[in-house]
Every structure is written in structure tokens, then in C-alpha cells.
Amino acid sequence: MLKRLGLLALLLLAACDGGSRQAEGPRYVDLPAGDATPIYRLAVHPLHNPVKLTQAYQPLIDHLNRTVPGVRFELEASRDYQIYETKFRARGPELLLPNPWQTLEAIKVGYQVIAMAGDAEDFKGLFVVRKDADIRTAADLKGKVVSYPSPTALAACIMPQYFLHSLGIDVNRDIDNRYVGSQESAIMNAYLKQVDVGATWPPPWRSFQKEHPEKAAEMRVLWETPPLINNAVMVRDDVPPALREHLRQALFMLERDPEGREVLAGMETARFHAANDEAYQPVRNFIERFEREVRPVEQK
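Calculation criteria
- Residues numbered from 1 in each chain as written.
- Predicted model: local features only at pLDDT ≥ 70, side-chain atom pairs only at ≥ 80, totals over all residues.
- Heavy atoms only, no water.
- Helix = DSSP H or I, 4+ residues; strand = E, 2+ residues; numbered from the N terminus.
- Buried < 20%, exposed > 50% of the residue type's maximum accessible area, 1.4 Å probe, protein only.
- Contact = heavy atoms within 4.5 Å.
- Axes fitted to C-alpha atoms, helices over the stretch in contact; angles between N-to-C directions.
- Parallel < 35°, antiparallel > 145°, perpendicular 65-115°, else oblique.
- Left-handed = near helix turned anticlockwise from the far one by under 90°.
- Nonpolar A, V, L, I, M, F, W, Y, C, P; charged D, E, K, R; others polar.
- Polar contact = N/O pair within 3.5 Å; in protein donor to acceptor, adjacent residues only side chain to side chain.
- 1 Å grid on protein atoms, 1.4 Å probe; cavity = no way out; pocket = protein on both sides within 12 Å on 5 of 7 lines; lining within 4 Å.
- Points joined across faces, edges and corners; volume = space filled by probe spheres on them.
- Phe/Tyr/Trp six-rings, centres within 6.5 Å; stacked < 30°, edge-to-face > 60°.
- Lys NZ or Arg CZ within 6 Å of the ring centre and 35° of its normal.

Student: Where do I start with the overall build of the protein in this structure?
Tutor: A count of helices and strands for the protein gives eleven helices and twelve strands. Here the protein, with 300 residues, has 54% of them falling under the buried criterion. Sequence-distant contacts in the protein: of pairs separated by 6 or more residues, those separated by 24 or more amount to 76%.

Student: Would you mind going over the packing of helix α3 (residues 81-89) against helix α4 (residues 100-108) with me for this structure?
Tutor: What describes two packed helices is the angle between their axes and the distance between those same axes. In contact at an axis separation of 10 Å, α3 and α4 are set at 25° when each is read in the N-to-C sense. On the basis of their axis angle, the class for α3 and α4 is roughly parallel. Considering how the two elements wind past one another, α3 and α4 form a crossing that is right-handed. Between α3, through Tyr81, Tyr84, Glu85, Phe88 and Arg89, and α4, the contact on the second element is made entirely by Trp101, Gln102, Glu105 and Ala106.

Student: Hey, could you run me through the packing of helix α5 (residues 154-166) against helix α11 (residues 281-293) in this one?
Tutor: Between α5 and α11, whose axes approach to 11 Å, the crossing angle comes to 55°. Looking at the two axes, α5 sits oblique to α11. The chirality of how α5 crosses α11 is left-handed. Between α5 and α11, the residues in contact are Leu154, Ile158, Met159, Gln161, Tyr162 and His165 and Val283, Phe286, Ile287, Arg289, Phe290 and Glu293, respectively. Considered class by class, the residues forming the contact of α5 with α11 number eight nonpolar, two polar and two charged.

Student: Looking at this structure, how should I read the environment of Asn65?
Tutor: Note that Asn65 resides in helix α2 (residues 50-67). A relative accessible area of 21% means that Asn65 is categorised as partly exposed. Sequence-distant contacts of Asn65, defined by excluding residues within four places in its chain, comprise Val71, Arg72 and Phe73. Of the polar contacts made by the side chain of Asn65, one reaches the backbone nitrogen of Phe73; its length is 2.6 Å.

Student: Which parts of the structure should I look at to understand empty space enclosed by the protein?
Tutor: Over the atoms a probe the size of a water molecule is rolled, and this reveals where empty space is left. Enumeration according to the criterion identifies three cavities of 30 Å³ or more in this entry. Taken as a whole, the largest cavity spans an internal volume of roughly 80 Å³. The wall of the largest cavity is formed by 15 residues, among which Trp201, Pro203, Asn231, Glu268 and Thr269 lie closest to the centre. Considering only residue class, the lining of the largest cavity consists of eight nonpolar, four polar and three charged.

Student: What's the story with the packing of aromatic side chains in this structure? I'm lost.
Tutor: Both the distance between ring centres and the angle between the ring planes are used here to describe each pair of aromatic rings. Counting across every chain of the model gives eight aromatic pairs. Centre to centre, the rings of Tyr162 and Phe286 are 5.4 Å apart; their planes meet at 70°, and the pair counts as edge-to-face. Of this pair, Tyr162 sits in helix α5 while Phe286 sits in helix α11; the two residues are 124 residues apart in sequence, bridging distant segments of the chain. As far as the burial class goes, Tyr162 and Phe286 line up, both buried. For the ring pair Phe163 and Trp223, a centre distance of 6.2 Å and an interplane angle of 45° mean the geometry is tilted. Taken together, the positions of Phe163 in helix α5 and Trp223 in strand β10 (residues 219-224) put the pair 60 residues apart, joining distant regions of the chain. Here the basic side chain of Arg130 rests over the ring of Tyr191, its NZ or CZ set 5.1 Å away from the ring centre.

What follows is the structure in C-alpha cells.
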């Protein structure tokens, strides 16, 4: 299994930044006896680097291929947030797992929400620092450097910046914002003292604690933001209704058996919940307030 995941990861690294694809409808793979099975790609936003994202999400793809009949699923990774956003704006992948801000953007080009990934309470920003960091209050942060994965990372950038704004920090003037490309990089920059504070969110922080316990022991969570709604699962508007329902039910059933719970644990996701486009209206309200008071989302 590890060799297989490693090969898949290498293939994703080779393809993940190959540009957007203008596909309208699924691709097909040749099978024996002249049969063909439609392929649907699930593009997960880069909450991890492509190799780690493959390790976390390929078991979900394998499970869906065993439980959803008549189609084949493939995982699609992206090197950074901007590449991912270019892909879905071109209506490339048939299926998405975007962050809530990206969900709003994907709705604009014809994707529709069918589920929420994880509990809403888990979608919050975390500020992590070394234990020896001399930062206790918001005032201590003035003049300091903060790392984030991307300016469009909702839990790991937008929500933390609004939190600082609410504490009286002018995030455009009082601090030095560094966008470092991934959740792991945001945390590691703080650990290595390349920045004073790293912004992230619970799943990558839990993964970091499990994979690097000695490094994590030298760090602490300084603050956390209030929660919002979690990441979405979306389908392009030309995905057949029957397949949408098969996919929804397969996701909801994961928490009900040991194999499914193992898949969820690997993704640091408690369960999938029913959701639709309207469920993300609170995100739209929050983004409007953020852009009015802090900065445009897509402006660093």
C-alpha cells in the first residue's frame, strides 16, 4: 500500500500544476471487451502538499471506487491555492473539496454543494508559536512576522487576519504577512524562527503533532479564532443526479463502519454532513465584512 501511495504521489506531483483543463463531462478509460468507464476527478484544495494530500485522500478515492457503481474516481492535487482556483474556475474537475471561500467562487461557475466535510466546530484559525516566543497579547505582535499558506486560505489566513483586526491590529501595516504556500510551511516557518507566528487550522496542526511530536512539543497554540462552516464537497452541474446521490450516501456512510472511520481518520475529518449552497451564506456574509474592513481576499 505504501509503495502504491508513493507512486500515486509521484504521478500527482508530475501533473498537479499542469494547468487547467476545459473538460465538460467525464473522461473515459478503456476496459477489456471494449467497455469504457467514465472517470470523475476529485480535486482537493491544497490543505497539504501534493504528496501528503495523496496519502490522506487516496484511501477515500479507493473506498469510493469500491462502493459507487459504474464510474471511476481519481484524485487531483494542486501545488498551491492559486493553481487550484484556476482549475475550478475553468470548470476542469468534476468534483471539488474546496475551502468555504473557494466554495463561493465555485458556485459562480456552476458547481453545487452536496456535503460538508468535517464538523463546523473544527473550522477555525490557529496561531502557533514556539514556547519561547515572547508574545502574549495582540500589542506584542506589532512589528512581528506572521506566516500563512495563502491569502485565500480561509481558516488559516482570512479568519486569523480578521481576528487580529478585531483586536486592534492593522494587518496591512502593523505586521509583516508572509504567504508561504502550504499549511506545513506556515507551521515550520514558526518552528524554525523564520517568522514569529504561524497561522494554520486544526487538521494540519494535528497532523504536525502526530508526525513531528518533538518539534510540536516546542510549540504552543497562542490564540484560536471563532469557528465558521467547514469545507464543502461539490459537484459540477453536469454530473448526473443519480451519481450525486450515490456519492452523498457513500460519504455519509463512512462513519458507520470501521473501514470508513479509518478513511476519515486519515483525512483528519470527523464525518461528512448534509449541506447545500445556502448553508454557505454565513461565509458570504463574513467575507463581505472582511473585504470591507480589512482587504480584498485576492490581494496580498
